Amino acid sequence: MRLLGKDIPMTQPNYYSPSGGLPPQSQLLTGRAAFTEAYAVIPKGVMTDIVTSNLPFWDKTRAWVLSRPLSGFAETFSQYIVEVLPGGGSTQPETDKGAEAVLFVVEGQVTLRIGSQTHQMDRGGYAFLPPGCNWSIINETQTATRFHWIRKPYEFVDGIDVPQAFVTNESQITPTPMPETDGKWATSRFVDPADMRHDMHVTIVTFEAGAVIPFAETHVMEHGLYVLEGKAVYRLNQDWVEVEAGDYMWLRAFCPQACYAGGPGKFRYLLYKDVNRHMKLR
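Residues numbered from 1 in each chain as written. Predicted model: local features only at pLDDT ≥ 70, side-chain atom pairs only at ≥ 80, totals over all residues. Heavy atoms only, no water.

### Section: unusual backbone geometry
Then, number 1: Cis geometry is found at the peptide bond from G263 to P264, where omega equals 5°.
Then, number 2: With respect to the helices, strands and loops of the structure, P264 is situated in the loop between strand 20 (257-261) and strand 21 (267-274).
Then, number 3: With a phi angle near 50°, K60 is a residue other than glycine that sits in the positive phi range.
Then, number 4: Topologically, K60 is positioned in strand 3 (residues 59-67).
Then, number 5: A residue is classified by how much of its surface remains accessible, and K60, at 53% relative accessible area, is exposed.
Then, number 6: With a phi angle near 60°, N237 is a residue other than glycine that sits in the positive phi range.
Then, number 7: With respect to the secondary-structure elements, N237 resides in the loop between strand 17 (231-236) and strand 18 (239-244). (Helix = DSSP H or I, 4+ residues; strand = E, 2+ residues; numbered from the N terminus. Buried < 20%, exposed > 50% of the residue type's maximum accessible area, 1.4 Å probe, protein only.)

Written out as structure tokens, the structure is:
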């Protein structure tokens, strides 16, 4: 992981986050939502008040559940967008002691406590929380805060230590350009890909307007993609699907994928994938 020096500030980008509500009765029912054996698309317009979930031991909080372990759907992880109102939060946020997590703040500010350490997380704030971690979170501001919460059962390996908790911000990460792309396609990595302690990567992928994934990627990693900014045409299995900021995509392992970034600005998404472990045989 390479950090930007304080003398090289990075402009904080925009992140889309849902605000709920309901569409008017006059609106047509036709939309872009899709659920297939290989992928799912949850457009931003689907994230209304009536599809939120409450969570145990959380106050003044609701969550949009984007993916969850389910036969024929996500197998390795779950992903929520969590909205916490002023004064809300939890001192007992995680009920599964074997779950690890990544938090990524897209709107507002939240106070995260990990053991005896306190962190103020603003937009772009990123936290990794290992299994069994003692953490709590509260919104001490006067406005709502929204963040992604990605949860995964940690896969322990004899001889490999469990990674430690850490907190950072996207503004501190130097994007790594993909080879032979002139910087038009880059990934902001919060964890060293060679660090075998980590069994998942949550990164931010950025395409400049007009940039592409120039082939149909087909690989074992399962994906969750939340579009933070911009728009694109994304290849999902045999289909080309238009997506924009606020949309979510789940891609099953080996689902072919590619994209054209539509412009006029950057196309950026928060990406989950499972890594660094043998394939389960049972």
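### A word on the sheet that holds strand 17
Neighbouring strands of a sheet are bound in pairs by backbone hydrogen bonds; such pairs are parallel or else antiparallel.
Then, number 1: Judged by pairing direction, the sheet is antiparallel, and its four strands sit side by side in the order 15-20-17-18 without closing on themselves. Bordering the open sheet on either side are strand 15 (212-217) and strand 18, each of which pairs with just one other strand. Taken pair by pair, the neighbouring strands of this sheet meet at an average axis angle of 20°, ignoring direction.
Then, number 2: Note: strand 15 against strand 20, three bridges, orientation antiparallel. Bridge pairing in strand 20 places I213 opposite C259. (Pairing = 2+ DSSP bridges. Axes fitted to C-alpha atoms, helices over the stretch in contact; angles between N-to-C directions.)

### Examining the layout of surface pockets
Then, number 1: Taken as a whole, the largest pocket encloses approximately 500 Å³ of empty space.
Then, number 2: Around the largest pocket, the lining is made up of 18 residues, and of these E75, T76, E155, D274 and K280 lie nearest the centre.
Then, number 3: Considering only residue class, the lining of the largest pocket consists of six nonpolar, three polar and nine charged.
Then, number 4: Its boundaries defined by the atoms lining it, the second largest pocket holds a volume of some 410 Å³.
Then, number 5: Looking at the second largest pocket, it is lined by 19 residues, and the ones nearest its centre are P23, Q27, L28, L29 and G45.
Then, number 6: The residue makeup of the lining of the second largest pocket, split by class, is ten nonpolar, six polar and three charged. (1 Å grid on protein atoms, 1.4 Å probe; cavity = no way out; pocket = protein on both sides within 12 Å on 5 of 7 lines; lining within 4 Å. Points joined across faces, edges and corners; volume = space filled by probe spheres on them. Nonpolar A, V, L, I, M, F, W, Y, C, P; charged D, E, K, R; others polar.)

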